[in-house]
Amino acid sequence: GRYPVLFNFPLLHKIVISDCRYLKFDLGMLSSFPLLKELVMSAIDDLTGNLRSLRVLKYTLEKVRIDCCRVEGNFMELAHFPRLNKLLLEYNQVTGDIRDIGEGDFLALESLCLPKSVHGGMHYRFRRVSDVPSFMHAIHLLMQRTSKLFKVTDLNWGLSEASPDWYWD
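Residues numbered from 1 in each chain as written. Predicted model: local features only at pLDDT ≥ 70, side-chain atom pairs only at ≥ 80, totals over all residues. Heavy atoms only, no water.

Engineer: Hey, could you run me through the environment of Asn8 in this one?
Structural biologist: Inspection of the secondary structure puts Asn8 in the segment before β1 (14-18). Assessed through its relative accessible area of 56%, Asn8 is described here as exposed. Separated by 25 residues in sequence, Asn8 and Phe33 have C-alpha atoms that sit 8.0 Å apart. (Helix = DSSP H or I, 4+ residues; strand = E, 2+ residues; numbered from the N terminus. Buried < 20%, exposed > 50% of the residue type's maximum accessible area, 1.4 Å probe, protein only.)

Engineer: I would appreciate a short explanation of the sheet that holds strand β6 (residues 70-74) in the present structure.
Structural biologist: Each strand in a sheet pairs with its neighbour through backbone hydrogen bonds, running either in the same direction (parallel) or in the opposite one (antiparallel). On the basis of which strands lie adjacent, the open sheet formed by four strands has the order β2-β4-β6-β8 and parallel pairing. Both edges of this open sheet fall to β2 (24-26) and β8 (93-95), since each of them pairs with a single strand only. The sheet shows a mean angle of 10 degrees between the axes of neighbouring strands, direction not considered. Note: strand β4 (residues 46-50) against β6, three bridges, orientation parallel. Among the inter-strand pairings, Thr48 is bridged to a residue of β6, identified as Arg70. (Pairing = 2+ DSSP bridges. Axes fitted to C-alpha atoms, helices over the stretch in contact; angles between N-to-C directions.)

Engineer: Could you clarify how one ought to interpret the side chain of Ser42 in this entry?
Structural biologist: Tracing the backbone through its elements, the reader meets Ser42 in strand β3 (residues 38-42). Looking at Ser42, the relative accessible area reads 9%, which means it is buried. A polar side-chain atom of Ser42 sits 2.6 Å from a polar atom in the side chain of Asp67. Setting aside chain neighbours within four positions, we find Ser42 in contact with Ile17, Ser18, Asp19, Arg65, Asp67 and Cys69. (Polar contact = N/O pair within 3.5 Å; in protein donor to acceptor, adjacent residues only side chain to side chain. Contact = heavy atoms within 4.5 Å.)

Engineer: Hey, could you run me through the pattern of salt bridges in this one?
Structural biologist: When the charged atoms of two side chains lie near each other, side chains of opposite charge can form a pair. Under the definition given, this model contains five salt bridges. The shortest N-O distance in the salt bridge between Glu38 and Lys14 comes to 4.0 Å. Of this pair, Glu38 sits in strand β3 while Lys14 sits in strand β1, placing them 24 residues apart in sequence. One salt bridge in this structure joins Asp97 and Arg99, with 2.7 Å as the shortest N-O distance. We classify Arg99 as partly exposed; its relative accessible area is 35%. (Salt bridge = Lys/Arg side-chain N within 4 Å of Asp/Glu carboxyl O.)

Engineer: Got a minute to help me understand the packing of aromatic side chains in this structure?
Structural biologist: Two measures describe an aromatic ring pair: the distance that separates the ring centres and the angle between the ring planes. Across all of its chains, the model carries four aromatic pairs by this definition. Their ring planes at 10 degrees and their centres at 6.0 Å tell us that Phe75 and Phe106 sit as a pair that is stacked. Of this pair, Phe75 sits in the loop between β6 and β7 (86-88) while Phe106 sits in the loop between β8 and β9 (111-113), and the two are 31 residues apart along the sequence. On the numbers, 5.1 Å between centres and 85 degrees between planes, the contact of Tyr124 with Phe126 is edge-to-face. For Phe126, a relative accessible area of 4% translates into the label buried. Aromatic ring contacts, followed pair by pair, group Tyr124, Phe126, Phe135 and Trp157 into a single cluster. (Phe/Tyr/Trp six-rings, centres within 6.5 Å; stacked < 30°, edge-to-face > 60°.)

Okay, here's the thing in structure tokens:
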């Protein structure tokens, strides 16, 4: 990588980097940490890459928090990480749809927080009122499996003001 000194810890289990405005690196560089269990990357303007890059850590990662970075990819790329129990991906360009989570996905997950760019993520805005019932059914099924998966008070879902169903008194 660009910073060989930072990425020469093959036995590292936890990495936390926060508020580093000038550190430039890609998620793919994390392959240098084959035993990594906990990944926290927050407010790193030049952290880039795709969630797919984390597949090399599939059997070790337990907690992932990546927020306020320029990371992209579909959150479902992490669906079959057998140890992953916490996934927080706020304020990124991550995509996907919560309704895609099946019975065999995210089996160890206890906590999930996704950006509004994900269908059903925090602050998600529905296009039509008619979209809500099927979506809520899918959420209900997820909550039956893991009742504390979402902090319901943090979700703040609503109807998009651009929706043809939108009205204001």
